[in-house]
Amino acid sequence: MSLLLDLFTIVAVSGGLFFFLAGTVGLLRFPDTLTRLHALTKADNLGLGLIVLGLLPQCPDIVSALKLVAIWALVQLGGATASQLIAEFARRGGGER
Amino acid sequence: MMPYATTPGGWMLVLALMLPVVGMLGIFALGLRHAERIAHATLLAGLAVALAIAVEVGRSGQAVTYLIGGWRPPLGIALQADGLSAVLMVMTSVILCSVGVFARGSFSSPPDGAEVRRPFVFWTLLLGLWSALNTVWLAQDLFSLFVALELLTFSAVPLVCLDGSRDTLRAALRYLLFALAGSVFYLMGTGLIYGAYGTMDIASLHQVARADWATSVALGLMIVGLMAKAALFPLHLWLPPAHAGAPAAASAVLSALVVKAPFILILRLWFDVAPQPLPAAAGAMLAGLGAASILFCSIMALRQARLKLMIAYSTVAQVGYLFLVFPLVMGSAAEMPWDSVGWTGGVLQLVSHAFAKAAMFLAAGLIAEALGHDRIADLGGAAKGVPVTVAAFALAGLSLMGLPPAGGFISKLMLLTAAVETANWWIAATILAGGILAATYVFRVVGSALAQPRAGLVMKAVPLNRELAVLTLALIAVALGFLPLQPLDYLGIGRGGMP
Amino acid sequence: MTPATLYGLCAAALVAIGLFGLILHPSPLRKVISFNLVGSGTFLFFGVAARRGAVAGFLGDPVPQAMVITGIVVAFAATALAVALLLRMLESGAPTVDGPPEQPDDLSP
Amino acid sequence: MSLAVDLVMVLLILTAAVWTILARDRRDAVIAFIVLGLLLSLVWMRLLAVDVALTEAAVGGGATGLVLLRACARLLPVEADGALPGLRLQVAVGVLCAVVGACLAAVILSPPEPAPSLAPAVAAHMEDVGLKNPVTVVLLAYRALDTLLEKVVLVLGLIGVWALAPDLFWGGRPASLRAAVPSGTLTFLARVLPPIGVLIGIYLVWNGADHPGGTFQGGTVLAAMWLLVMMADLGDPPETRALRLRRLVAVGPALFIAVGLAGFGMADGFLSYPPGYAKPIIVAVEVALALSIAVILGLMVAGPAAKEPDQ
Amino acid sequence: MAEFLFAAAAIVLVLTGLGLARMLWGPSPADRMMAAQLLGTGGGAIAVLVAIAGDMTAVLDIALTLALLAAFAAVALTLGEPGSKRRGGEE
């Protein structure tokens with residue numbers, strides 16, 4: 001059982017790492033602000049989500065598990081808002097030089 | 001040094017710290033209607049506490065000590081009033097009380113009780129400043145002293161730009177940046193000290209300090225930071241516009257008291273923390289910068305067209321004298337510095353300058369109020385309109401010049417004696433040259449004030465009690481001149497060996 | 001080399017970099033940011049002392065940690081005050097004619 | 001392996017630091033500074049100073065960044081940054097800074113053996129206080145005077161910020177923090193996040209007695225939530241003359257002083273706590289302080305009064 | 001398992017650290033802010049990994065604080081006068 005859970009953790013966390021990689025590559029390689037933003041937020045929420053998911057079986061107690069879920073939910077909320085705001089900011093031309 | 005223990009009367013030290021804070025919070029929370037009353041009550045109570053502490057120090061012949069929360073250093077924080085701190089505390093409260101009387105005219109609440117900005121800010125920050133100064137005089141912990149320095153900065157900077165003009169805002173910002181840079185250097189030094197010794201307590205450090213690289217770097221950083229705060233040449237650029245731009249009551253406090261706090265900290269680092277003997281070159285360098293301050297800023301003072309700027313430049317010059325102490329108290333004298341003429345001369349210079357400079361700035365404020373401007377060339381008639389004030393200015397000027405019978409005379413004579421005894425001829429020459437320069441700039445003002453008024457000059461009347469507050473300060477500065485010309489036993493109380 | 005030493009060296013570099021900006025940047029806002037950089041480096045020195053003092057079952061010496069927290073609070077207050085001051089200065093009117101002499105824009109120490 | 005990770009971290013920090021100084025645009029510099037704050041928070045975690053890491057996360061990532069970005073937004077139309085001065089001066093100052101850095105590095109490289117520490121002394125007396133978080137014990141018992149004075153610094157800082165108001169506006173509201181373009185997403189965030197944030201803030205304060213966390217961390221989080229509400233235009237900054245607000249600012253320090261003075265009668269003297277009651281008293285003081293800190297930080301960011309007080 | 005999680009944390013640090021290149025390149029403040037955003041999320045991920053791997057649940061509170069304030073900098077970025085198009089600093 002524990003082995004299975006460990007395997008799950010490894011798979012999920014590795015998946016999370018992959019999405020972080022994808023996010024970074026997207027941030028660095030995509031041609032313009034909005035596509036970069038798209039890549040960034042999608043990838044990075046999924047990345048953190050998978051890592052949180054993978055860590056859940058390893059939690060020492062239920063409070064930590066709840067905190068993990070809360071962290072993920074907060075990043076979802078914050079990340080979504082932030083990308084909206086950054087997009088708005090970029091669209092208004094606030095970022096152009 | 002003896003390990004700390006709370007002494008009888010130690011609780012008064014806590015009062016000295018907390019009274020101003022309570023007054024400040026009271027004004028803040030209760031609104032302006034009570035501001036002046038709370039401030040004056042606090043000032044009086046604080047004066048009483050300071051006097052009581054000074055009496056207790058003299059009576060018991062030892063330092064008054066208090067351990068906060070009963071925790072013994074290095075874990076806890078000790079407050080201690082020795083002879084020097086007691087003198088500084090009394091000096092602070094007397095000057096602040098005089099400023100309090102003076103400021104009644106310019107920072108009163110309006111009759112309808114509505115809150116206005118200037119009195120609110122002035123009284124709260126004046127009390128904040130006082131708690132900061134008392135903490136600097138009393139705290140025995142390097143980190144508490146950092147917090148005290150920040151308290152000082154946060155109270156002093158907004159006072160500079162109280163009138164809100166662009167120039168004073170600029171001066172305040174420049175002052176803030178210098179002060180913050182100074183603080184961060186000081187903090188860096190304390191961090192290294194903690195890393196090396198695991199304590200911030202001055203008495204513990206005195207016992208364990210090693211003459212190694214880490215200690216030298218730490219002390220060097222701290223002293224450089226404090227030099228910026230004390231406006232020692234060439235880090236003095238912020239002071240003249242800041243002190244000249246503040247309202248007179250605030251300038252008096254800034255010049256008389258605030259710049260003295262970093263100097264006292266340098267003095268404590270030098271004699272109470274640093275491993276003795278210190279390299280002679282370090283002392284000579286501080287004194288060299290002090291001498292440069294004296295000469296350069298006295299000449300700058302001579303060239304100012306406006307009275308307040310002249311006084312501000314003179315502050316930098318007079319603070320320069322304090323730094324002459326270091327090479328004068330070297331070698332054997334550094335074991336018991338308080339027993340030497342040079343050390344006593346330095347402390348007397350600090351005290352007499354505080355009273356003289358407070359008197360001068362307040363006098364300048366009254367003169368400006370009476371005449372409506374402070375251009376030195378057009379002061380004619382001031383001696384007729386505000387004779388008491390001009391007399392106070394002249395008396396305070398005596399102290400700056402170092403002429404008898406003023407306090408500045410005896411302090412400068414002691415410094416001169418020490419310079420001759422230790423064969424530091426260049427210091428002796430600087431003291432003499434500084435005196436002549438000070439005489440020139442003071443006489444220039446007095447001469448102009450004694451001149452005939454221009455035709456049609458209308459002067460505003462100034463209340464007599466404000467003039468008397470100024471005169472009191474000037475008379476104290478003069479009265480200090482009647483002290484005997486020798487090390488004072490009182491200043492040595494609680495500093496290790498008894499006299 | 002222990003991590004504490006490595007971060008200590010990093011702190012020294014932070015101080016040097018921040019000091020460079022503090023002295024050279026002509027604009028007050030950049031000076032304030034640079035001051036914060038020097039402050040961060042300074043706090044790290046306390047962190048190094050705390051980490052090296054990890055004995056008696058503690059992960060680190062709590063005394064310097066407490067000091068850093070106090071220091072961060074003070075640094076924030078200083079930043080807020082400096083920013084308020086410089087905004088007010090730039091938004092206030094033309095320099096007064098009769099005030100102290102106009103200082104050059106350069107506020108460097 | 002582990003040191004290699006630390007090395008990466010140091011490289012990232014130095015990149016952010018250098019960019020903070022060299023970026024031409026001031027807003028770029030601020031963003032780099034925010035990045036630096038996040039990295040430093042991780043460094044404090046690495047140094048096992050969780051209390052400090054929390055403070056840095058709340059202040060570096062939140063409060064300071066907000067203050068600086070707001071300054072950028074208001075500065076832009078007014079004044080440009082000057083460029084760095086000429087190369088020769090840059091080299092001279094660079095050498096000076098390098099010397100300072102080298103001196104510091106030399107100190108770091110020759111640590112005392114064994115490293116001094118007050119940790120055993122802290123541990124020896126923790127029982128007397130009854131709290132389990134050593135940092136909180138240091139802050140509120142051993143070095144309570146520093147903590148008290150630091151709160152006074154905050155109050156004075158607020159007075160200093162308020163003092164910058166023009167006379168006409170004294171007592172009025174600070175300038176609005178509203179974002180430039182009202183945005184539905186922001187409003188949504190400002191409705192959803194604050195309840196959670198307040199909960200987390202209270203949790204950090206409460207938890208601080210026995211675990212990492214405490215007044216300042218909790219207070220900063222509370223302030224951040226209040227600021228978020230103000231930025232989303234769901235509430236304007238309050239009038240600075242309001243006495244209720246003033247009392248909120250003063251309650252923390254005042255209670256702290258009152259408890260300290262009560263020590264004269266009930267315990268061993270100023271800022272000592274009666275045995276057995278230390279923990280409830282400290283928690284009460286912390287709660288009041290966190291409230292005051294939240295209000296002070298919020299008001300400091302909001303700035304001096306910028307409108308005439310309402311009639 | 002702990003080693004794996006620590007290694008994962010290190011990898012997240014390297015990956016999000018690479019994102020800092022965007023902070024240097026820009027070109028717009030929006031792009032630079034994205035680097036900060038990525039690092040904020042990455043910091044949260046690192047903190048949760050370290051917390052679980054090192055069995056230091058207190059570290060979770062760091063992640064919680066970072067997550068709570070994740071959008072804060074982005075919100076602050078949008079402060080300012082609407083419509084002022086030319087926002088570059090110095091020319």
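Residues numbered from 1 in each chain as written. Chains lettered and ligands numbered in written order. Predicted model: local features only at pLDDT ≥ 70, side-chain atom pairs only at ≥ 80, totals over all residues. Heavy atoms only, no water.

Draft legend 1. Representation of the packing of aromatic side chains. Residue and element names in this part refer to chain B. Taken as a whole, this structure holds 18 aromatic pairs over all chains when the rule is applied. When the centroid spacing of 6.1 Å and the interplanar angle of 45 degrees are considered together, the rings of Phe323 and Phe326 count as tilted. One aromatic cluster is present, built from ring pairs that chain together Phe263, Trp270, Phe271, Phe323 and Phe326. Positioned above the aromatic ring of Tyr321 is the side chain of Lys412, whose terminal nitrogen or guanidinium carbon lies 4.7 Å from the ring centre. One cation-aromatic arrangement involves Arg466 over Phe102; the distance from NZ or CZ to the ring centre is 4.4 Å. (Phe/Tyr/Trp six-rings, centres within 6.5 Å; stacked < 30°, edge-to-face > 60°. Lys NZ or Arg CZ within 6 Å of the ring centre and 35° of its normal.)

Draft legend 2. How the structure looks around the packing of helix H2 (residues 33-55) of chain A against helix H3 (residues 62-91) of chain A. Residues and elements named next belong to chain A. Close contact between H2 and H3 brings their axes to 10 Å; oriented N to C, the two are set at 180 degrees. Comparing their axes, H3 and H2 come out roughly antiparallel. Here Thr33, Leu34, Leu37, Thr41, Asn45, Leu48, Gly49, Val52 and Leu55 of H2 lie close against H3, whose contacting residues are Leu68, Val69, Trp72, Val75, Gln76, Gly79, Ser83, Ile86, Ala87 and Ala90. (Axes fitted to C-alpha atoms, helices over the stretch in contact; angles between N-to-C directions. Helix = DSSP H or I, 4+ residues; strand = E, 2+ residues; numbered from the N terminus. Parallel < 35°, antiparallel > 145°, perpendicular 65-115°, else oblique. Contact = heavy atoms within 4.5 Å.)

Draft legend 3. Focus on the interface of chain C and chain D. The interface is formed by 70 residues belonging to chain C together with 87 residues belonging to chain D. Here chain C meets chain D over a buried area of about 6900 Å², counting both sides, of which 82% is carbon and sulfur. Among the residues of chain C in contact with chain D, Tyr7, Arg30 and Phe76 of chain C are the three that bury the most area, contributing 11% of the side total. Counting the contacts that link chain C with chain D gives 0 salt bridges. Here chain C is connected to chain D by 10 residue pairs in polar contact (both at pLDDT 80 or more). If you list the elements that add at least two residues to the side of chain C that touches chain D, you get helix H1 (3-24), helix H2 (28-52) and helix H3 (62-91) of chain C. Looking at the side of chain C that touches chain D, the element that brings in the most residues is H3 of chain C, giving 24 residues. (Buried area = accessible area lost by both parts, 1.4 Å probe. Salt bridge = Lys/Arg side-chain N within 4 Å of Asp/Glu carboxyl O. Polar contact = N/O pair within 3.5 Å; in protein donor to acceptor, adjacent residues only side chain to side chain.)

Draft legend 4. Spotlight on the domain arrangement of chain B. All names here are of chain B. Split into domains, chain B comes out as domain 1 (1-140), domain 2 (162-275) and domain 3 (276-499). Computed over C-alpha atoms only, the centres of domain 1 and domain 2 are separated by 21 Å. Contacts between domain 1 and domain 2 engage 25 residues on the former and 24 residues on the latter. Summed over both partners, the interface of domain 1 with domain 2 buries about 2000 Å², with 74% contributed by carbon and sulfur atoms. Our count for the contact surface shared by domain 1 and domain 2 stands at 3 residue pairs in polar contact (both at pLDDT 80 or more). Within the residue set of the side of domain 1 that touches domain 2, elements represented by two or more residues are helix H3 (83-106) and helix H4 (117-138). Residue classes in the side of domain 1 that touches domain 2 are distributed as 21 nonpolar, 2 polar and 2 charged. (Domains from an automatic or database assignment. Nonpolar A, V, L, I, M, F, W, Y, C, P; charged D, E, K, R; others polar.)

Draft legend 5. Inspection of the interface of chain A and chain E at higher detail. On the chain E side, the residues contacting the 43 residues of chain A number 48 residues. Roughly 4100 Å² of surface becomes buried between chain A and chain E when both sides are summed, with 77% attributable to carbon and sulfur atoms. Where chain A packs against chain E, one counts 2 salt bridges. Residue Asp31 of chain E is joined to Arg36 of chain A by a salt bridge in which the shortest nitrogen-to-oxygen separation is 2.8 Å. Our count for the contact surface shared by chain A and chain E stands at 6 residue pairs in polar contact (both at pLDDT 80 or more). Broken down by secondary-structure element, the contributors of at least two residues to the side of chain A that touches chain E are helix H1 (2-29), H2 and H3 of chain A. Per element, the largest residue contribution to the side of chain A that touches chain E is 13 residues, and it comes from H3 of chain A. For the side of chain A that touches chain E, the class distribution of residues is 25 nonpolar, 10 polar and 8 charged.

Draft legend 6. Highlighting the pattern of salt bridges. Applying the stated rule across the entire model yields 17 salt bridges over all chains. A salt bridge links Arg143 of chain D to Asp146 of chain D, with the shortest nitrogen-to-oxygen separation between them at 2.8 Å. Linking Arg241 of chain D and Glu239 of chain D is a salt bridge whose minimum nitrogen-to-oxygen distance equals 2.9 Å. Overlapping salt bridges, with partners in common, bring together Asp141 of chain B together with Arg143 and Asp146 of chain D in one network.

Draft legend 7. Main features of the arrangement of the chains. Between all 6 pairs of chains that are in contact, chains C and D come out with the most contacts. With no contact formed, the shortest span from any C-alpha in chain A to any C-alpha in chain C equals 19 Å. Separated in space, chain B and chain E share no contact, their closest pair of C-alpha atoms being 21 Å apart.

Draft legend 8. Seen up close, helix H5 (residues 119-129) of chain D. All of the buried residues in H5 of chain D are Ala119, Val122, Met126 and Val129 of chain D. Looking down the long axis of H5 of chain D, one finds its buried residues gathered within 70 degrees of arc, a one-sided arrangement. Turned more than 90 degrees away from the buried face of H5 of chain D, the exposed residues are Ala124 and Glu127 of chain D. Against the buried residues of H5 of chain D lie H3 of chain C together with helix H6 (134-142) and helix H11 (278-302) of chain D. Just past H5 of chain D, the residue Gly130 of chain D takes up positive phi, approximately 90 degrees. (Buried < 20%, exposed > 50% of the residue type's maximum accessible area, 1.4 Å probe, protein only. Arc of directions from axis to C-beta.)

Draft legend 9. Just helix H8 (residues 213-230) of chain B, in detail. All names here are of chain B. The first and last C-alpha atoms of H8 sit 25 Å apart over 18 residues, in line with the 26 Å expected at 1.5 Å per residue. Judged by how many residues are buried, H8 sits mostly within the fold: 14 of 18 residues are covered. Looking one or two residues beyond H8, the residue adopting positive phi is Ala231, at roughly 60 degrees. (Expected span 1.5 Å × (residues − 1).)

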